[in-house]
Structures are given as C-alpha cells and as structure tokens.
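Analysis of the macromolecular model
The residues making up each chain are set out below.
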Amino acid sequence: MRYTGRVAAVTGAGSGIGRGIAEFLAEEGAFVLLNDVRAEAADSSKKILTEKGFRSEIAVSDISTREGAEFMVNEALRHGERLDLLVNCAARQIIKPVEDLEVEEWDTVLNVNLKGAFLCSKAAFPFLAQQRGVIVNICSVHAQATVGGFASYAASKAGIVALTRAMAIEFAPKGVRVNAVSPGTIDTPLVQAYFDSCPDPVRARSEFLKFHPLGRFGTPRDIAEMVAFLGSQQAGFITGTEIVVDGGMTALLFAQ
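We now turn to the structure provided with this report. (Residues numbered from 1 in each chain as written. Predicted model: local features only at pLDDT ≥ 70, side-chain atom pairs only at ≥ 80, totals over all residues. Heavy atoms only, no water.)

Among the structural elements, Phe217 can be located in the loop between helix 7 (201-209) and helix 8 (220-230). A C-alpha to C-alpha distance of 7.3 Å links Phe217 and Gly247, two positions 30 residues apart in sequence. When residues no more than four places from it in sequence are discounted, the contact partners of Phe217 are Thr185, Asp187, Phe195, Arg205, Phe208, Leu209 and His212. (Helix = DSSP H or I, 4+ residues; strand = E, 2+ residues; numbered from the N terminus. Contact = heavy atoms within 4.5 Å.)

Now for the packing of helix 4 (residues 103-131) against helix 5 (residues 151-171). In the contact formed by helix 4 and helix 5, the axes pass within 8 Å of each other and the chain directions differ by 15°. It follows that helix 4 is roughly parallel to helix 5 by the angle criterion. As for the relative orientation of helix 4 and helix 5, their crossing is right-handed in sense. Judged by residue contacts, Trp106, Val109, Leu110, Asn113, Leu114, Ala117, Phe118, Ser121 and Phe125 of helix 4 engage Ala151, Ser152, Tyr153, Ala155, Ser156, Lys157, Gly159, Ile160, Leu163, Met167 and Phe171 from helix 5. Grouping the constituent residues of the contact of helix 4 with helix 5 by class yields 14 nonpolar, five polar and one charged. (Axes fitted to C-alpha atoms, helices over the stretch in contact; angles between N-to-C directions. Parallel < 35°, antiparallel > 145°, perpendicular 65-115°, else oblique. Left-handed = near helix turned anticlockwise from the far one by under 90°. Nonpolar A, V, L, I, M, F, W, Y, C, P; charged D, E, K, R; others polar.)

The residue Glu242 is located in strand 7 (residues 242-245) in this model. Separated by 2.7 Å, the side chains of Glu242 and Gln144 make a polar contact. Among all residues touching Glu242, those that are not within four sequence positions of it are Ser140, Gln144, Val161, Ala180 and Ser182. (Polar contact = N/O pair within 3.5 Å; in protein donor to acceptor, adjacent residues only side chain to side chain.)

What follows is about the layout of surface pockets. One number sums up the size of the largest pocket: a volume of about 1600 Å³. Forming the walls of the largest pocket are 47 residues, and the residues nearest its centre are Gln93, Phe150, Tyr153, Leu190 and Val191. Sorting the residues of the lining of the largest pocket by element identifies helix 1 (16-27), strand 2 (31-36), helix 5 and helix 6 (189-196) as the ones contributing at least two each. Of the residues forming the lining of the largest pocket, the biggest block, five residues, is contributed by helix 6. Taken together, the residues of the lining of the largest pocket break down into 27 nonpolar, 15 polar and five charged. Its volume calculated, the second largest pocket comes out at about 160 Å³. Every residue lining the second largest pocket is listed: Gln131, Arg132, Ala172, Gly175, Val176, Arg177, Gln233, Gly236 and Thr239. (1 Å grid on protein atoms, 1.4 Å probe; cavity = no way out; pocket = protein on both sides within 12 Å on 5 of 7 lines; lining within 4 Å. Points joined across faces, edges and corners; volume = space filled by probe spheres on them.)

Below, the structure is given as structure tokens:
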C-alpha cells in the first residue's frame, strides 16, 4: 500500500468526490483527516471508513476562512502527527447567468473554491515541506471550456489551475509538489440531483451521456485513483500540471 504511515487531509470529504478520495486513500493505508463544513456529512464519511476498518478523524470547519483552514491543518497534525498530502476538494457551485448572479453568490463560490484552496495550502505548506509532501487541487473541465450559467464556478476553477502552477514553482525548492486534477462529469448525488431537476430526468441523463466518448460518466474512484497516483512517489517528477479525467469529453468537437 502506497500510503502506509502517511497522513492525508481531504477537504470537502463529506460526500461525492471528496468522500471517494478519502476512502481510496484510506484503502491505500493513509490516516485520513476528513474536513467538511457539514458535521453530519463528515460523520457519515467517518462511519463508512470506520466500518471498513480504516483510520480517520474529522475536522468540521469552513476552509474559506483563515481560521477554518488552519484548524483543519492543525487537526491533521494533532491526530496524525504529520502531514504528507493535502487534497483541496471542497467546492460550491451556483448555476446562474451573470446578469442574475448576485455579488454575494459570486463571493461564496470564489471564497470556497479558490480562496479556500489558497488558505489550506498556505497553512499546510510548512508541514508538507517537512515530509516533502504533495498538494492535489481538484479542479474541473470548466477551467478549460464551460457552458452558460457557470461563470463563477468556471472562474474559480480556472483560478485554481493558475494557482496550482504558481504554487508548484514556489514550493518546489522545499520538495513540495502541486498538481491539479480536472474531473469531467462524475456520477455523484449532486449530479443526479441536477438531472432530477430537469423535466425529463432519464432523457437529460441520456442526452448528456452523448458528450462522453467512453460511454459512461466518471466515478469518485476514477478521480481518487489519479489523486493517489499524484500524491505518491510514482509521480515524483510531476508538478505544476493539470490532468483531465473526463472520459474524453473535452476532446470531443461535436456531440453525436
């Protein structure tokens, strides 16, 4: 197991991709610090890991604030006594056209998605440097190409790609690598809720599937396996890059 004796902190670990990443890292031997702003969601993730015999602890905090980010890192150190991997996965998404998007809604998305990744990375860096550790930022295909209604989300994710490159350059002298993973459509309850909000959920899901050459949506485990690879020594010469995991969606010029 690649993570035996190592400590990983995962933000947004209460559900979806974050939970999938936390579970896979635990399978690989890591002690996982589960961060989420929702106590019930974090408890649910911990229960899943505990039932499988994995070690984890919870840090409920709002990582869009300096205090919340520092609390998360300090809890990882308190319970795990070191920090080897930080996964910035916490995210908010508000789907509205720019003309209807309130300033407060813009701030909410950018504060969690972009500022949160900055604050957590800043707080974690001194301790990651002690272990020649790794930061993996969960980005999105929306950083490269987007659709109407996703302005705040797309802007935040494009910012994360740029932040990833900048931190990779600055942190490299201390041996800390920084990379981004950009998922495409991942089959999570959040995505299904979007389809359920459509007039014909089954048709909406089927039509959207046509944008994926591999013929399926991704799973949280698809993303988790890439994160685990980037955080391991197998990726020891990879830093400052964005890896897209989208089933070929962004390679497709026109839908079938």
